[in-house]
Amino acid sequence: MSTEQILAFMMLGLGYGALIAGLATGMVVTYRSTGVINIAAGATAAYSAYVYSELRTTGTLVLPPSIPLTADREPLGALPALAIGLALAAGLGVLQYLLVYRPLAKAGPLAKIVASSGVLLTVQAVIVLRWGADPVAAPAVLPQAPVDLLGVSIPEDRLLLAGLVVVVTALLWTLYRYTRFGIATRAAADSRKGSVLLGLSTARLESANWVIASVLGGLFGMLAAPTTQLQPTTFTLLVVPVLTAALLGGFSSFGVTVATAFGLGAVNSLIALFQGQPWFPKVDGAPLPGVTELAPFLVLAVVLYLRGRALPDRLTAVAPPMPRAPRPRHVGPAAVVGAVVVVAALAGLSFDWRQALINTMLGAVLCLSVVVTTGFVGQISFAQMAVAGAAGYVTAAIGTDANLPFPLPPIAGIAAAVATSLLFSVPARRVRGLQLAVLTLAGGVAAQRFWFGNPQWGSGLRPANVAPITVFGTEISPSHSFWGTESPSSGFGLVVFVALLGCALLVVRVRRSALGARMLAVRSSEAAAVATGVNVGAVKTAAFAMGGLLAGVAGVLYGYNFAGVSADRFGPLTSIAFFGVAVLGGVGTVSGALVGGLLVSQGLLFHAVTTWFGIGPDYQPLFAGLAVILTVIGSPNGVAVSVADGARALRETWRRQRRRGVTATGES
Amino acid sequence: MAGPLLRAEALCLHYGGVRALNEVDVEITPTELVGVIGPNGAGKSTLLDAITGFATPTSGALTFDGQDVLRRRPSERARMGIARTWQTLQLFEDLTVSENVRMAVPRRPKAVGVLPRRGGERAEHDALARLGIGGLADRMPGELSHGQRVLVGIARALAGDPKLLLMDEPAAGLDGSERDLLGEILRDVVASGTSVVLVDHDMPLVLGICDRLYVLDFGAVIASGAPRQVRNDPAVVAAYLGADDPETRDEERLQPSLPTEGAR
Amino acid sequence: MSLLEVRRLTAGYASVPVVRDVSLSVERGELVALLGANGAGKTTTLLAISGLVSVYSGEIRLDAGSIAGLAPAQRARAGIQHVPEDRSLFPSLTVDETIRLACGARRPPKWVLEYFPALGELGGRRVAALSGGEQQMLALARALCRDPSLLIVDEMSLGLAPLVVNAFFPVLRRIAAERGCGVLIVEQHVHVALRWVDRVHVMAGGTMAASGTTDEMRPRIDELAGAYLGERTVPSSVPTSADNEKGENDEGV
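Treat the numbers as computed from the prediction; the structure is a model and nothing was measured.

Bringing the sheet that holds strand 8 (residues 182-186) of chain C into the picture now. Residue and element names in this part refer to chain C. The strand order 6-7-8-3-9-10 describes an open sheet built from six strands, whose pairing is mixed. Each having just a single partner strand, strand 6 (80-83) and strand 10 (207-213) make up the two edges of the open sheet. In this sheet, adjacent strand axes meet at a mean angle of 15 degrees when their direction is disregarded. As paired strands, strand 3 (residues 31-36) and strand 8 are joined by four bridges and run parallel to one another. The residue bridging Leu 34 from the neighbouring strand is Val 186, located in strand 8. The strands touched by helix 1 (residues 42-50) are strand 3, strand 6, strand 7 (150-154), strand 8 and strand 9 (199-204); relative to strand 7, the strand with the most contacts, the crossing angle is about 150 degrees. The sheet strands contacting helix 5 (residues 132-145) are strand 6 and strand 7, and the helix crosses strand 6 at an angle near 170 degrees.

The structure is reproduced here in structure tokens:
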């Protein structure tokens, strides 16, 4: 490994660095002007890149409706394609702002980041539906002829990209520093009230900023796609290094942001170089995977921990409104009715519906874990799937590899989940709100690639077998059971139901306990909680432990359900999807988690949609994404609470009508 | 007890070039009602934050109950017996009124996750009954009027049986009769053995019920003493009404003067 | 025809009215003060006029046209400039940038500089680094640069030394007279206000307690001052019967 080689690889990383830089500067722009951490930035940039690629190969514009722009699927020229891609990006920026973030202008950071995850799911779903999940070779935009620089030879486009980033950053800096538009944007970020009273149109300013950010993402998405890979998940997850760069820049400095982005690009490229070296740690003969994903996570964790509060207090100063968390009612009757219905369903439903029911129950357990950590204590964690995965993988290791008997594997698995969750609670004691969301997102990516995707500690690319539960010689698994053996067996369904019931009752009990009250107190007002003597750190730790326990139960059950665990099942995008579904159902209540379970991918609702309306399961992520956006805007307390409120209002009206003429008094 | 309950000596708190508190000396003895008044931005809320631990003084000394508390965390100070209310109330909106109050009832040290219901209920019931809001126990804060919410905030602060209660503008937003009631409640609280520091703008209330007053202006104590004394103190009158002495009445002298020197 | 005409205004936050049935007017070229104790509803009245607080009933007319349907920014463009209590300056901007935002040009117009000559020397300084007096001057100048027909100033003297305050009043006086715009202020310092303003509205408990010209009001200065340091302007009856009060507790308080 020569100095030239190192230099060459660092320069090769310029392409990736430019992509991160373009997206990260956009991230800074949208955060500064509207307080939104746009975690959909990677996905929307990917969309522009896909559109460009399609135009350059078949001349078809995909909006999603496909519009052929050329005769006989002739490829479109590079410049018109680029122009169309940029126009689309601009349109996507305005649309996102007007339809999603403007209605949420006064909402809390939770609502905004959830809405943004809804956009991510939607755009990602559109891409997968239209172009599939497999990598596509992106057509080159910039010339790629090798050039010699400092004694090494690298493709020309890397240099052009890096140069373009520098030019664009300088332009942005000038724009925000010297133009009236830039001054107005900074003014509105300082004091929205001041700019309104002065007569500035904040809507125009903010949509212009969204256009800038979106165009930046689209531009670098199209230009840099050939240097990486055009694949929906990879592109979407670029948001992790992008957030790392933006956070290090304090969401305000373009210079630091861009420098960090190029740094990450160089590191990324160097890791690729090192992986080929004999000294690089090997697992099963292949280089240790996931090191690339680990880098931004470690950088983030260290920087956030040291800096404490890196984000400017722009929005966290106002008490963020959280979805309501009313006290659970009618728990006993609901549990009995639920038990009767589920047992009857397990006995009577056909295999496909039974599987959907089991999936729904599994999803509900996972949503319960979101209810505790996010709903009760207000901590946004995007690593719930990593926590569940920890449980799944440890269960597999203890049960299959170490061959220990039931119930040791699930106990060890759940303990591992609790430990993983507690690990995330360490930064949560210093970092709060959006920073924790970013950190857990990065942690989720790192866990998936570095642990689950590792052939030694995890399972690599293949699933790891999970030995079924065996009690007194009877195997309880989807294929064998004490009650029904047609897969999925009703007996296994019963086990899942008992687990769900136990988890739900546990959460009910927590909500009603003094600890639960302290959790909600911390969520309402940390200051007042402290002033009444509540140990806020301990309460957060307890919530993470509890969330870890529930996610662990879900992870173990997943393992048994599929008789195996695989890395792709416990990825960060699944975490985001689950988080969205939990918010959709209602993140503050147990019933919300149950509703969330109905809405999960391959759950009851989408099975019904597929069966009755013939809409394929591929559309579930699209509907889920759109539903998340609509819920956040229209019914921020979630479906369950809104339905309960509606029912109560109806009852009230009905009662009042019956009582009309008597006395109009409210009851207390 | 012989010594003062709380003593702040030469408390200074500066941030970003602003002197929010400047050499403030304050002493509170057991069982007294002390008012803190001053124009907006005089440092009254900052003083409360410094005493409760939400703001860290740049220098000075702070003792409570004979112990140095300057470096103690806010929750420790709370457990030592310093309670407070906020102008923004900061009620726990997701909890019922009785749960709000129960939060401040000291727990038996052993209970970590499981709740000691019995003991807590008594203290919480007492705190609500004391303020005449026992009937609101099962309501949510969001359903209550502002006046009721203020009382819930006070009940919560009292539930831990504090030795010192600091109140930040409790009368703001209350109407006349509510203010009178608030005054009675505060006298009652003091009579039962808790010292109260009352920060408020409502002069009739403060002058009418407090034993002693501190007047802050630009982060410094400009006057202190009995209400009657303070009320006639020229420095106080100037701070509130704008200087009305012959010197500044001379309009012609002031006409051309321009604001070059700001005050902080 | 008055420049600003507020008739029977009821306004407040999230369905809780803070001011009820308030009427007031401001003429062109006139300096009017809105006085009253803390919590009397003065600031809410001002915010309702500039559109930042919801109006439940009543009318607000500017130049005889109703501005009810206008958003705050539109009202600002229609000629209402409001310097709020917190001044709402842009701390990370420089003085030049603030002025540029307000009037489009790098330098403030000459006539603005005539009122605030010291502004010319602040140039590239950051707003956050200005003294309280300089910040208030900038806030007033920023509003003035928009050439308003109605200038609203809330608690101009907040946190300022009396000497500084005294310097601003003659300027407001001149602005009203020379620019022909109406100036409506809220002021804590009763004595100071009465020295400069043409007319006074006194609020108490969310309603208008008294209105009149300064000459009419001056003899009542002690009564007005009482609203700040003494008895309440509107004496509230103290309930004497404990039972009676208990009943009020549960519902009213």
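Looking now at the packing of aromatic side chains. Per the counting criterion, the structure on display carries 20 aromatic pairs over all chains. Each ring, one from Tyr 176 of chain A and one from Phe 254 of chain A, has its centre 5.9 Å from the other, and the planes form 45 degrees; the classification is tilted. Of this pair, Tyr 176 of chain A sits in helix 5 (residues 156-178) while Phe 254 of chain A is found in helix 11 (residues 254-275), placing the two residues 78 residues apart along the sequence. A single burial state applies to Tyr 176 of chain A and to Phe 254 of chain A, both of which are buried. One aromatic cluster is present, built from ring pairs that chain together Tyr 393, Trp 451, Phe 452, Tyr 558, Phe 562 and Phe 570 of chain A. Residue placement shows Arg 156 of chain B over the ring face of Phe 92 of chain B; its charged tip is 4.5 Å from the ring centre. In this arrangement the basic side chain of Arg 142 of chain C is found over the ring face of Phe 90 of chain C, its NZ or CZ atom lying 4.8 Å from the centre.

This paragraph deals with the interface of chain A and chain C. Counting residues at the interface gives 19 residues for chain A and 24 residues for chain C. When the two sides are added together, the surface that chain A and chain C hide from each other amounts to roughly 1900 Å², 60% of it contributed by carbon and sulfur. If you sort the residues of chain A by the area they bury against chain C, Arg 180, Leu 197 and Leu 198 of chain A come out on top, with a joint share of 36%. Scanning the region where chain A abuts chain C turns up three salt bridges. The shortest N-O distance in the salt bridge between Glu 97 of chain C and Arg 177 of chain A comes to 3.6 Å.

If a strand is regular, its side chains alternate between the two faces of the sheet. Residues and elements named next belong to chain B. Pairing of strand 9 (residues 212-217) with strand 10 (residues 220-225), which is carried by five bridges, proceeds in the antiparallel orientation. The residue bridging Val 215 from the neighbouring strand is Ala 223, located in strand 10. Linkage of strand 9 to strand 10, two consecutive antiparallel strands, is achieved through a turn of two residues, within which Phe 218 is found at a positive phi near 50 degrees.

Here the focus is the packing of helix 2 (residues 41-58) of chain A against helix 4 (residues 109-131) of chain A. All names here are of chain A. Put simply, helix 2 and helix 4 touch, their axes get as near as 9 Å, and they point 25 degrees apart. Of the possible angle classes, the one that applies to helix 2 and helix 4 is roughly parallel. When the axes of helix 2 and helix 4 are compared, the crossing they make is left-handed. Together, Ala 43, Thr 44, Ala 46, Tyr 47, Tyr 50, Val 51 and Glu 54 of helix 2 and Leu 120, Val 123, Val 126, Ile 127, Arg 130 and Trp 131 of helix 4 make up the contact between the two elements. Here the contact of helix 2 with helix 4 is built from residues that sort into 10 nonpolar, one polar and two charged.

The subject of this paragraph is the pairing of strand 9 of chain B. Residue and element names in this part refer to chain B. With five of six residues buried, strand 9 lies mostly within the body of the structure. Strand direction decides the pairing type here: strand 3 (residues 33-37) and strand 9, joined by four bridges, are parallel. Residue pairing for strand 9: Ile 37 is matched across the bridge by Val 215.

Here the focus is the domain arrangement of chain A. Residues and elements named next belong to chain A. Structurally, chain A comprises domain 1 (3-277) and domain 2 (314-640). Its C-alpha centre places domain 1 at a distance of 32 Å from the equivalent point of domain 2. Taken together, the contact between domain 1 and domain 2 spans 38 residues of the former and 33 residues of the latter. For the pair domain 1 and domain 2, the summed buried area comes to about 2900 Å², and 86% of that belongs to carbon and sulfur atoms. Counting the surface domain 1 buries against domain 2, the share from its top three residues, Leu 110, Leu 121 and Leu 129, is 21%. The tally of links between domain 1 and domain 2 comes to zero salt bridges. Our enumeration of links across domain 1 and domain 2 arrives at one residue pair in polar contact (both at pLDDT 80 or more). Per-element tally for the side of domain 1 that touches domain 2: the top contributor is helix 4, with 17 residues. Looking at the side of domain 1 that touches domain 2, its residues break down into 26 nonpolar, 10 polar and two charged.

Once that is clear, we can look at the confidence of the model for chain A. Confidence in the prediction for chain A averages 87 pLDDT; 96% of positions are at 70 or higher. Predicted confidence for residues 664-668 of chain A stays below pLDDT 50, and this span has four contacts to residues more than four positions away or in other chains.

Across all of its chains, the model carries 33 salt bridges over all chains by this definition. Arg 192 of chain A is paired through a salt bridge with Glu 206 of chain A; the nearest N and O atoms lie 2.6 Å apart. With Arg 192 of chain A in helix 7 (residues 192-198) and Glu 206 of chain A in helix 8 (residues 202-224), this pair connects stretches of sequence that are 14 residues apart. Taking the relative accessible area as the measure of exposure, Glu 206 of chain A reaches 6% and is therefore buried. Where Glu 93 of chain B meets Arg 149 of chain B, a salt bridge forms, and the shortest distance between an N and an O atom there is 2.9 Å. Of this pair, Glu 93 of chain B sits in the loop between strand 6 (82-85) and helix 3 (97-102) while Arg 149 of chain B sits in helix 5 (residues 146-159), placing them 56 residues apart in sequence. The exposure class of Glu 93 of chain B is partly exposed, given its relative accessible area of 34%. Overlapping salt bridges bring together Arg 177 and Arg 186 of chain A together with Glu 97 of chain C as one network.

Thresholds applied
Residues numbered from 1 in each chain as written. Chains lettered and ligands numbered in written order. Predicted model: local features only at pLDDT ≥ 70, side-chain atom pairs only at ≥ 80, totals over all residues. Heavy atoms only, no water. Pairing = 2+ DSSP bridges. Helix = DSSP H or I, 4+ residues; strand = E, 2+ residues; numbered from the N terminus. Axes fitted to C-alpha atoms, helices over the stretch in contact; angles between N-to-C directions. Contact = heavy atoms within 4.5 Å. Phe/Tyr/Trp six-rings, centres within 6.5 Å; stacked < 30°, edge-to-face > 60°. Buried < 20%, exposed > 50% of the residue type's maximum accessible area, 1.4 Å probe, protein only. Lys NZ or Arg CZ within 6 Å of the ring centre and 35° of its normal. Buried area = accessible area lost by both parts, 1.4 Å probe. Salt bridge = Lys/Arg side-chain N within 4 Å of Asp/Glu carboxyl O. Parallel < 35°, antiparallel > 145°, perpendicular 65-115°, else oblique. Left-handed = near helix turned anticlockwise from the far one by under 90°. Nonpolar A, V, L, I, M, F, W, Y, C, P; charged D, E, K, R; others polar. Domains from an automatic or database assignment. Polar contact = N/O pair within 3.5 Å; in protein donor to acceptor, adjacent residues only side chain to side chain. pLDDT = per-residue confidence, 0-100.

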